[in-house]
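# Descriptive analysis of the structure
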Amino acid sequence: MIDGNGNSTSYSQKQELLLTNARIVTMVSGSQGYLVSQPTDLYVKAGKLHALPNQLPADTPIYDCKYKLVTPGFIDCHTHLVYAGNRANEFEMRLNGMPYSEIARQGGGILATVKATRAATQNELVEYALPRLDGLIRSGVTTVEIKSGYGLTLKDEIKMLRAAKALQDRRKVNVVTTLLAAHAVPPEYQGKSDDYIRLICEEIIPMVAEERLASSVDVFCESIGFNLQQTEKVFITAKQYGLNVKGHTEQLSNLGGTALTAKYKGLSADHIEYLDGEGVSALANSDTVATLLPGAFYFLKETQLPPIKLLRQRKIPMAIATDVNPGTSPFSDLTMMMNMSCTLFGLTPEEALRGVTCHAAKALGLAKVKGQIQHGFDADLAIWDVEHPADFSYQQGIARLTARVVNGEVEHV
(Lines give C-alpha, C1' and ligand atoms only; values in the text may rest on other atoms or scores of the structure.)
Protein backbone atom coordinates (compact mmCIF):
# COMPACT_ATOMS: atom_id res chain seq x y z
CA MET A 1 0.00 0.00 0.00
CA ILE A 2 1.22 3.48 -0.87
CA ASP A 3 0.19 6.68 0.88
CA GLY A 4 1.55 9.17 -1.63
CA ASN A 5 4.55 10.21 0.48
CA GLY A 6 7.06 7.52 -0.42
CA ASN A 7 9.76 7.26 -3.03
CA SER A 8 9.05 6.94 -6.74
CA THR A 9 6.86 3.92 -7.24
CA SER A 10 5.65 2.26 -10.43
CA TYR A 11 3.30 -0.55 -11.30
CA SER A 12 3.44 -2.83 -14.30
CA GLN A 13 0.73 -2.16 -16.86
CA LYS A 14 -0.37 -5.75 -16.28
CA GLN A 15 -1.13 -5.01 -12.64
CA GLU A 16 -4.23 -3.57 -11.11
CA LEU A 17 -4.15 -0.31 -9.20
CA LEU A 18 -6.69 1.51 -7.05
CA LEU A 19 -6.44 5.26 -6.54
CA THR A 20 -8.50 6.37 -3.54
CA ASN A 21 -9.72 9.73 -2.22
CA ALA A 22 -9.37 11.44 -5.59
CA ARG A 23 -11.20 14.66 -6.37
CA ILE A 24 -11.43 14.26 -10.13
CA VAL A 25 -12.05 16.61 -13.03
CA THR A 26 -13.05 14.29 -15.87
CA MET A 27 -12.98 16.78 -18.80
CA VAL A 28 -15.72 14.83 -20.57
CA SER A 29 -17.84 16.96 -22.90
CA GLY A 30 -20.35 19.30 -21.36
CA SER A 31 -20.25 21.48 -18.26
CA GLN A 32 -20.08 18.47 -15.94
CA GLY A 33 -16.60 17.64 -17.22
CA TYR A 34 -15.11 20.72 -15.54
CA LEU A 35 -16.73 20.17 -12.16
CA VAL A 36 -14.67 18.79 -9.28
CA SER A 37 -16.11 15.53 -7.96
CA GLN A 38 -16.56 14.44 -4.39
CA PRO A 39 -13.75 12.13 -3.21
CA THR A 40 -13.93 8.98 -5.31
CA ASP A 41 -11.89 5.94 -6.33
CA LEU A 42 -10.31 5.19 -9.70
CA TYR A 43 -9.54 1.66 -10.81
CA VAL A 44 -6.77 0.88 -13.27
CA LYS A 45 -6.08 -2.41 -15.00
CA ALA A 46 -3.58 -3.07 -17.79
CA GLY A 47 -2.92 0.64 -18.21
CA LYS A 48 -6.60 1.54 -18.71
CA LEU A 49 -9.30 3.09 -16.55
CA HIS A 50 -12.08 0.66 -15.66
CA ALA A 51 -15.24 0.64 -13.60
CA LEU A 52 -14.57 -0.42 -10.02
CA PRO A 53 -15.18 -4.20 -9.72
CA ASN A 54 -17.36 -5.63 -7.00
CA GLN A 55 -14.35 -7.25 -5.39
CA LEU A 56 -10.67 -6.40 -5.67
CA PRO A 57 -7.90 -8.94 -5.21
CA ALA A 58 -6.45 -8.68 -1.71
CA ASP A 59 -3.01 -7.68 -3.03
CA THR A 60 -4.21 -4.81 -5.26
CA PRO A 61 -1.83 -1.85 -4.85
CA ILE A 62 -3.52 1.26 -3.44
CA TYR A 63 -2.46 4.85 -3.97
CA ASP A 64 -4.09 7.32 -1.59
CA CYS A 65 -4.57 10.65 -3.40
CA LYS A 66 -5.36 12.31 -0.06
CA TYR A 67 -8.17 14.41 -1.55
CA LYS A 68 -5.88 16.06 -4.07
CA LEU A 69 -7.21 17.17 -7.45
CA VAL A 70 -6.81 14.60 -10.25
CA THR A 71 -7.02 15.61 -13.91
CA PRO A 72 -6.29 13.79 -17.13
CA GLY A 73 -2.57 13.91 -17.81
CA PHE A 74 -1.76 17.07 -19.75
CA ILE A 75 -0.97 16.77 -23.45
CA ASP A 76 1.44 19.09 -25.25
CA CYS A 77 0.26 18.65 -28.84
CA HIS A 78 2.79 20.87 -30.66
CA THR A 79 6.51 20.96 -29.83
CA HIS A 80 9.89 21.12 -31.56
CA LEU A 81 11.51 19.59 -28.51
CA VAL A 82 14.43 17.87 -30.29
CA TYR A 83 17.15 20.17 -31.59
CA ALA A 84 20.74 21.23 -30.96
CA GLY A 85 22.24 24.64 -30.40
CA ASN A 86 21.13 27.72 -28.52
CA ARG A 87 19.86 31.04 -29.89
CA ALA A 88 19.89 33.18 -26.76
CA ASN A 89 22.47 35.37 -28.50
CA GLU A 90 19.95 36.14 -31.25
CA PHE A 91 17.38 37.09 -28.63
CA GLU A 92 19.86 39.59 -27.23
CA MET A 93 20.79 40.86 -30.70
CA ARG A 94 17.15 41.51 -31.57
CA LEU A 95 16.60 43.39 -28.32
CA ASN A 96 19.65 45.51 -29.16
CA GLY A 97 18.03 46.52 -32.43
CA MET A 98 19.44 44.12 -35.02
CA PRO A 99 16.77 43.09 -37.57
CA TYR A 100 16.12 39.40 -38.16
CA SER A 101 17.26 39.72 -41.78
CA GLU A 102 20.73 40.75 -40.60
CA ILE A 103 20.81 37.97 -38.02
CA ALA A 104 19.94 35.47 -40.75
CA ARG A 105 22.58 36.97 -43.07
CA GLN A 106 25.16 36.32 -40.35
CA GLY A 107 24.16 32.66 -40.19
CA GLY A 108 21.50 32.91 -37.51
CA GLY A 109 17.82 32.03 -37.53
CA ILE A 110 16.38 28.60 -38.20
CA LEU A 111 19.35 27.61 -40.36
CA ALA A 112 21.65 28.04 -37.35
CA THR A 113 19.57 25.41 -35.56
CA VAL A 114 19.65 23.25 -38.68
CA LYS A 115 23.46 23.42 -38.78
CA ALA A 116 23.77 22.49 -35.09
CA THR A 117 21.19 19.70 -35.34
CA ARG A 118 22.85 18.15 -38.36
CA ALA A 119 26.17 18.13 -36.51
CA ALA A 120 24.73 16.41 -33.42
CA THR A 121 24.45 12.66 -32.97
CA GLN A 122 21.16 10.99 -32.13
CA ASN A 123 22.32 10.41 -28.56
CA GLU A 124 23.34 14.05 -28.21
CA LEU A 125 19.92 15.18 -29.42
CA VAL A 126 18.31 12.99 -26.75
CA GLU A 127 20.51 14.50 -24.02
CA TYR A 128 19.81 18.05 -25.21
CA ALA A 129 16.05 17.41 -25.21
CA LEU A 130 15.81 15.87 -21.74
CA PRO A 131 15.90 19.13 -19.71
CA ARG A 132 13.17 20.57 -21.93
CA LEU A 133 11.11 17.40 -21.56
CA ASP A 134 11.60 17.48 -17.79
CA GLY A 135 10.11 20.97 -17.74
CA LEU A 136 7.01 19.70 -19.52
CA ILE A 137 6.75 16.74 -17.15
CA ARG A 138 6.87 19.09 -14.15
CA SER A 139 3.87 20.90 -15.63
CA GLY A 140 1.80 17.71 -15.68
CA VAL A 141 2.47 16.47 -19.19
CA THR A 142 2.04 12.73 -19.80
CA THR A 143 1.89 12.88 -23.63
CA VAL A 144 3.98 15.09 -25.89
CA GLU A 145 4.06 15.54 -29.65
CA ILE A 146 7.55 16.10 -31.06
CA LYS A 147 8.23 17.31 -34.59
CA SER A 148 11.29 16.96 -36.76
CA GLY A 149 12.17 19.90 -39.01
CA TYR A 150 15.70 20.95 -38.13
CA GLY A 151 17.46 18.28 -40.17
CA LEU A 152 16.00 18.92 -43.63
CA THR A 153 17.76 15.91 -45.15
CA LEU A 154 16.58 12.32 -45.23
CA LYS A 155 19.30 11.23 -42.82
CA ASP A 156 18.87 14.08 -40.35
CA GLU A 157 15.07 14.09 -40.28
CA ILE A 158 15.12 10.37 -39.48
CA LYS A 159 17.78 11.00 -36.83
CA MET A 160 15.53 13.56 -35.17
CA LEU A 161 12.48 11.28 -35.18
CA ARG A 162 14.49 8.41 -33.73
CA ALA A 163 15.82 10.70 -31.00
CA ALA A 164 12.26 11.79 -30.19
CA LYS A 165 11.10 8.19 -29.86
CA ALA A 166 14.14 7.34 -27.73
CA LEU A 167 13.00 9.84 -25.11
CA GLN A 168 10.34 7.32 -24.06
CA ASP A 169 13.16 5.07 -22.87
CA ARG A 170 14.55 7.82 -20.64
CA ARG A 171 11.37 9.25 -19.15
CA LYS A 172 7.92 7.99 -18.26
CA VAL A 173 6.02 9.80 -21.02
CA ASN A 174 4.11 9.05 -24.22
CA VAL A 175 5.75 10.50 -27.35
CA VAL A 176 3.86 11.16 -30.58
CA THR A 177 6.12 11.98 -33.53
CA THR A 178 5.42 14.21 -36.53
CA LEU A 179 7.48 14.66 -39.69
CA LEU A 180 8.04 18.36 -40.39
CA ALA A 181 10.61 18.14 -43.16
CA ALA A 182 8.65 20.95 -44.87
CA HIS A 183 9.69 23.40 -42.15
CA ALA A 184 12.10 25.54 -44.15
CA VAL A 185 14.02 25.38 -47.41
CA PRO A 186 17.47 23.97 -46.59
CA PRO A 187 20.52 25.97 -47.66
CA GLU A 188 21.45 23.53 -50.41
CA TYR A 189 17.98 24.00 -51.97
CA GLN A 190 17.79 27.79 -51.87
CA GLY A 191 15.93 28.91 -54.99
CA LYS A 192 14.85 25.31 -55.61
CA SER A 193 12.04 24.78 -53.14
CA ASP A 194 10.03 22.66 -55.58
CA ASP A 195 12.97 20.26 -55.81
CA TYR A 196 13.05 20.02 -52.02
CA ILE A 197 9.33 19.27 -51.91
CA ARG A 198 9.99 16.51 -54.45
CA LEU A 199 12.65 15.06 -52.13
CA ILE A 200 10.19 15.10 -49.24
CA CYS A 201 7.48 13.37 -51.26
CA GLU A 202 9.65 10.85 -53.08
CA GLU A 203 12.20 9.91 -50.40
CA ILE A 204 11.57 11.26 -46.90
CA ILE A 205 7.87 10.46 -46.46
CA PRO A 206 8.17 6.92 -47.90
CA MET A 207 11.10 6.10 -45.60
CA VAL A 208 9.43 7.57 -42.53
CA ALA A 209 6.24 5.64 -43.28
CA GLU A 210 8.12 2.39 -43.90
CA GLU A 211 9.99 2.65 -40.59
CA ARG A 212 6.89 3.93 -38.74
CA LEU A 213 8.82 6.85 -37.38
CA ALA A 214 5.89 9.30 -37.41
CA SER A 215 2.12 9.20 -37.40
CA SER A 216 1.62 12.62 -39.01
CA VAL A 217 3.18 14.97 -41.55
CA ASP A 218 3.22 18.73 -40.96
CA VAL A 219 3.94 21.66 -43.30
CA PHE A 220 4.85 25.28 -42.57
CA CYS A 221 2.49 26.89 -45.07
CA GLU A 222 3.61 30.50 -45.06
CA SER A 223 5.29 33.17 -47.20
CA ILE A 224 8.63 32.29 -45.59
CA GLY A 225 7.88 28.56 -45.77
CA PHE A 226 5.94 26.73 -48.48
CA ASN A 227 3.04 27.80 -50.67
CA LEU A 228 -0.38 26.18 -51.00
CA GLN A 229 0.55 24.09 -54.03
CA GLN A 230 3.65 22.71 -52.33
CA THR A 231 1.72 22.07 -49.12
CA GLU A 232 -0.96 20.17 -51.01
CA LYS A 233 1.63 17.96 -52.68
CA VAL A 234 2.99 16.99 -49.27
CA PHE A 235 -0.51 16.37 -47.91
CA ILE A 236 -1.44 14.15 -50.86
CA THR A 237 1.73 12.10 -50.45
CA ALA A 238 1.25 11.76 -46.70
CA LYS A 239 -2.29 10.48 -47.20
CA GLN A 240 -1.08 8.00 -49.80
CA TYR A 241 1.25 6.52 -47.19
CA GLY A 242 -1.44 6.35 -44.50
CA LEU A 243 -0.16 9.28 -42.45
CA ASN A 244 -2.23 12.05 -40.87
CA VAL A 245 -1.62 15.68 -41.80
CA LYS A 246 -1.26 18.85 -39.74
CA GLY A 247 -0.55 22.45 -40.68
CA HIS A 248 1.48 25.39 -39.43
CA THR A 249 -0.94 27.92 -40.92
CA GLU A 250 -1.89 31.59 -40.89
CA GLN A 251 0.82 32.56 -38.42
CA LEU A 252 2.19 35.55 -40.33
CA SER A 253 -0.31 36.00 -43.17
CA ASN A 254 -3.48 34.50 -44.58
CA LEU A 255 -2.62 32.08 -47.37
CA GLY A 256 -5.55 29.71 -46.91
CA GLY A 257 -3.45 26.96 -45.37
CA THR A 258 -6.00 26.26 -42.64
CA ALA A 259 -8.77 25.62 -45.16
CA LEU A 260 -6.42 23.35 -47.09
CA THR A 261 -5.58 21.46 -43.92
CA ALA A 262 -9.29 21.01 -43.19
CA LYS A 263 -9.89 19.85 -46.77
CA TYR A 264 -7.41 17.02 -46.26
CA LYS A 265 -8.97 16.12 -42.90
CA GLY A 266 -5.99 17.40 -40.96
CA LEU A 267 -5.79 16.71 -37.27
CA SER A 268 -5.03 20.33 -36.47
CA ALA A 269 -4.23 23.74 -37.88
CA ASP A 270 -1.73 25.51 -35.63
CA HIS A 271 -0.92 29.19 -34.91
CA ILE A 272 -3.83 30.67 -36.97
CA GLU A 273 -3.39 34.30 -35.85
CA TYR A 274 -4.37 35.55 -39.33
CA LEU A 275 -7.24 33.12 -39.83
CA ASP A 276 -10.29 34.73 -41.45
CA GLY A 277 -13.98 33.87 -41.45
CA GLU A 278 -13.66 31.60 -44.46
CA GLY A 279 -10.94 29.62 -42.73
CA VAL A 280 -12.99 29.37 -39.55
CA SER A 281 -15.92 28.04 -41.60
CA ALA A 282 -13.62 25.41 -43.11
CA LEU A 283 -12.66 24.30 -39.60
CA ALA A 284 -16.30 24.29 -38.49
CA ASN A 285 -17.17 21.94 -41.35
CA SER A 286 -14.37 19.52 -40.45
CA ASP A 287 -12.95 17.67 -37.46
CA THR A 288 -9.76 19.73 -37.56
CA VAL A 289 -8.71 21.28 -34.23
CA ALA A 290 -7.53 24.88 -33.91
CA THR A 291 -4.26 24.80 -31.94
CA LEU A 292 -3.21 28.02 -30.24
CA LEU A 293 0.45 28.74 -29.51
CA PRO A 294 0.54 31.75 -27.17
CA GLY A 295 4.23 31.33 -26.35
CA ALA A 296 5.29 32.28 -29.88
CA PHE A 297 2.76 35.12 -29.95
CA TYR A 298 4.23 36.46 -26.70
CA PHE A 299 7.90 35.95 -27.56
CA LEU A 300 7.60 37.61 -30.98
CA LYS A 301 5.50 40.47 -29.57
CA GLU A 302 2.77 39.80 -32.10
CA THR A 303 -0.37 41.91 -32.17
CA GLN A 304 -2.67 39.99 -34.53
CA LEU A 305 -4.86 37.87 -32.27
CA PRO A 306 -6.36 34.57 -33.42
CA PRO A 307 -10.15 34.82 -33.97
CA ILE A 308 -11.07 33.37 -30.57
CA LYS A 309 -14.60 34.77 -30.47
CA LEU A 310 -15.44 33.31 -33.88
CA LEU A 311 -13.85 29.95 -33.04
CA ARG A 312 -15.89 29.87 -29.85
CA GLN A 313 -19.11 30.79 -31.67
CA ARG A 314 -18.60 28.02 -34.23
CA LYS A 315 -17.80 25.54 -31.43
CA ILE A 316 -14.40 24.66 -32.87
CA PRO A 317 -12.23 22.81 -30.34
CA MET A 318 -9.20 24.86 -29.33
CA ALA A 319 -6.03 23.10 -28.20
CA ILE A 320 -3.12 24.84 -26.48
CA ALA A 321 0.55 23.88 -26.80
CA THR A 322 3.98 25.21 -25.90
CA ASP A 323 5.53 25.19 -29.39
CA VAL A 324 8.85 24.58 -27.61
CA ASN A 325 11.55 25.70 -30.05
CA PRO A 326 14.81 27.68 -29.92
CA GLY A 327 13.76 30.65 -32.02
CA THR A 328 10.21 31.74 -31.19
CA SER A 329 8.97 29.90 -28.09
CA PRO A 330 11.75 28.72 -25.74
CA PHE A 331 9.26 27.68 -23.04
CA SER A 332 8.88 24.25 -21.48
CA ASP A 333 5.91 24.85 -19.20
CA LEU A 334 2.42 23.99 -20.40
CA THR A 335 0.66 25.66 -17.46
CA MET A 336 2.40 28.90 -18.43
CA MET A 337 0.79 28.53 -21.86
CA MET A 338 -2.58 28.09 -20.14
CA ASN A 339 -2.03 31.38 -18.35
CA MET A 340 -0.96 33.09 -21.58
CA SER A 341 -3.97 31.74 -23.46
CA CYS A 342 -6.21 33.38 -20.87
CA THR A 343 -4.34 36.66 -20.45
CA LEU A 344 -3.35 37.20 -24.09
CA PHE A 345 -6.14 35.44 -26.02
CA GLY A 346 -9.05 35.74 -23.60
CA LEU A 347 -9.76 32.05 -23.05
CA THR A 348 -11.53 30.98 -19.89
CA PRO A 349 -9.72 28.65 -17.45
CA GLU A 350 -12.08 25.86 -18.52
CA GLU A 351 -11.20 26.40 -22.19
CA ALA A 352 -7.52 26.42 -21.25
CA LEU A 353 -7.82 23.12 -19.38
CA ARG A 354 -9.71 21.53 -22.25
CA GLY A 355 -6.98 22.87 -24.51
CA VAL A 356 -4.34 20.73 -22.80
CA THR A 357 -6.53 17.65 -22.22
CA CYS A 358 -9.45 16.54 -24.39
CA HIS A 359 -8.90 19.02 -27.23
CA ALA A 360 -5.15 18.40 -27.29
CA ALA A 361 -5.88 14.67 -27.51
CA LYS A 362 -8.14 15.32 -30.51
CA ALA A 363 -5.36 17.37 -32.14
CA LEU A 364 -3.21 14.22 -32.05
CA GLY A 365 -5.93 11.81 -33.18
CA LEU A 366 -6.16 10.38 -29.66
CA ALA A 367 -9.59 11.66 -28.61
CA LYS A 368 -10.93 8.17 -27.93
CA VAL A 369 -8.13 7.12 -25.57
CA LYS A 370 -6.58 10.19 -23.90
CA GLY A 371 -7.53 13.54 -22.44
CA GLN A 372 -10.48 12.43 -20.29
CA ILE A 373 -11.06 10.40 -17.15
CA GLN A 374 -13.56 7.76 -18.12
CA HIS A 375 -13.93 4.02 -18.59
CA GLY A 376 -11.75 2.58 -21.33
CA PHE A 377 -9.36 5.53 -21.58
CA ASP A 378 -5.63 5.31 -20.97
CA ALA A 379 -4.70 5.67 -17.31
CA ASP A 380 -2.75 8.90 -17.86
CA LEU A 381 -3.42 11.20 -14.91
CA ALA A 382 -1.94 14.16 -13.07
CA ILE A 383 -2.35 14.58 -9.31
CA TRP A 384 -2.24 18.16 -8.07
CA ASP A 385 -2.07 20.03 -4.78
CA VAL A 386 -4.68 22.60 -5.85
CA GLU A 387 -8.27 23.26 -4.83
CA HIS A 388 -9.82 24.25 -8.15
CA PRO A 389 -8.79 23.74 -11.80
CA ALA A 390 -8.83 27.50 -12.47
CA ASP A 391 -5.58 27.59 -10.48
CA PHE A 392 -3.64 26.09 -13.40
CA SER A 393 -4.24 29.22 -15.47
CA TYR A 394 -4.02 31.61 -12.53
CA GLN A 395 -0.90 30.96 -10.47
CA GLN A 396 2.58 30.32 -11.81
CA GLY A 397 5.96 29.46 -10.30
CA ILE A 398 4.70 27.23 -7.48
CA ALA A 399 5.22 23.46 -7.51
CA ARG A 400 1.72 21.97 -7.56
CA LEU A 401 2.14 18.58 -9.23
CA THR A 402 2.60 15.75 -6.72
CA ALA A 403 2.48 12.71 -9.00
CA ARG A 404 1.66 11.50 -12.49
CA VAL A 405 0.14 8.24 -13.64
CA VAL A 406 1.41 7.23 -17.09
CA ASN A 407 -0.04 4.13 -18.71
CA GLY A 408 -1.19 2.97 -15.31
CA GLU A 409 2.14 3.52 -13.56
CA VAL A 410 2.50 6.00 -10.69
CA GLU A 411 5.50 8.28 -10.58
CA HIS A 412 6.13 10.88 -7.90
CA VAL A 413 7.52 14.21 -8.95
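Residues numbered from 1 in each chain as written. Predicted model: local features only at pLDDT ≥ 70, side-chain atom pairs only at ≥ 80, totals over all residues. Heavy atoms only, no water.

### As for the overall build of the chain
Our working definition: Under the scheme used here, helices are H or I runs from DSSP no shorter than 4 residues and strands are E runs no shorter than 2 residues, and both carry numbers assigned from the N terminus. Put simply, the radius of gyration uses C-alpha atoms, and a globule should come to 2.2 Å times the residue count raised to 0.38. Contacts: residue pairs with any heavy atoms within 4.5 Å of one another. Using the Shrake-Rupley algorithm and a 1.4 Å probe, accessible areas are obtained, with residue cover drawn only from the displayed protein chains. Within this scheme the basic residues Lys and Arg register as positive and the acidic residues Asp and Glu register as negative, but His and the chain ends are omitted. Think of each charge as sitting on NZ of Lys, CZ of Arg, CG of Asp or CD of Glu.
If you tally the helices and strands in the chain, you get 15 helices and 16 strands. At 21 Å, the chain has a C-alpha radius of gyration in line with the 22 Å of a compact globule built from 413 residues. A separation of at least 24 residues holds for 73% of the contacts in the chain among residues at least 6 apart in sequence. Within the structure as shown, the chain displays about 17,000 Å² of accessible surface, and the carbon and sulfur contribution to it stands at 49%. Positive and negative side-chain charges of the chain, numbering 40 and 44 respectively, have mean locations separated by a distance of 2 Å.

### Considerations on the UniProt feature "domain: Amidohydrolase-related" (unreviewed entry) in the chain
Formally: UniProt positions are given in the numbering used here, feature names are shortened, and annotations may be inferred rather than shown by experiment.
Under the feature "domain: Amidohydrolase-related" (unreviewed entry), the UniProt entry names residues 69-406. Helix makes up 41% of residues 69-406 and strand 17%, and the two end C-alpha atoms of the span are 16 Å apart.

### So, the environment of N325
Filter applied, for reference: Polar contact is defined as a pair of N or O atoms within 3.5 Å, subject to the rule that within protein one atom must be able to donate a hydrogen and the other to accept it, and that residues adjacent in sequence are counted only when both atoms are side-chain atoms.
By the element assignment, N325 lies in the loop between β13 (318-320) and α12 (334-343). Placed 69 residues apart in sequence, N325 and G256 show a C-alpha to C-alpha distance of 24 Å. When near neighbours in sequence (up to four residues on either side) are disregarded, N325 contacts H80, Y83, Y150 and P330. Within the structure, N325 has its side chain in polar contact with the backbone oxygen of D323 (distance 2.7 Å).

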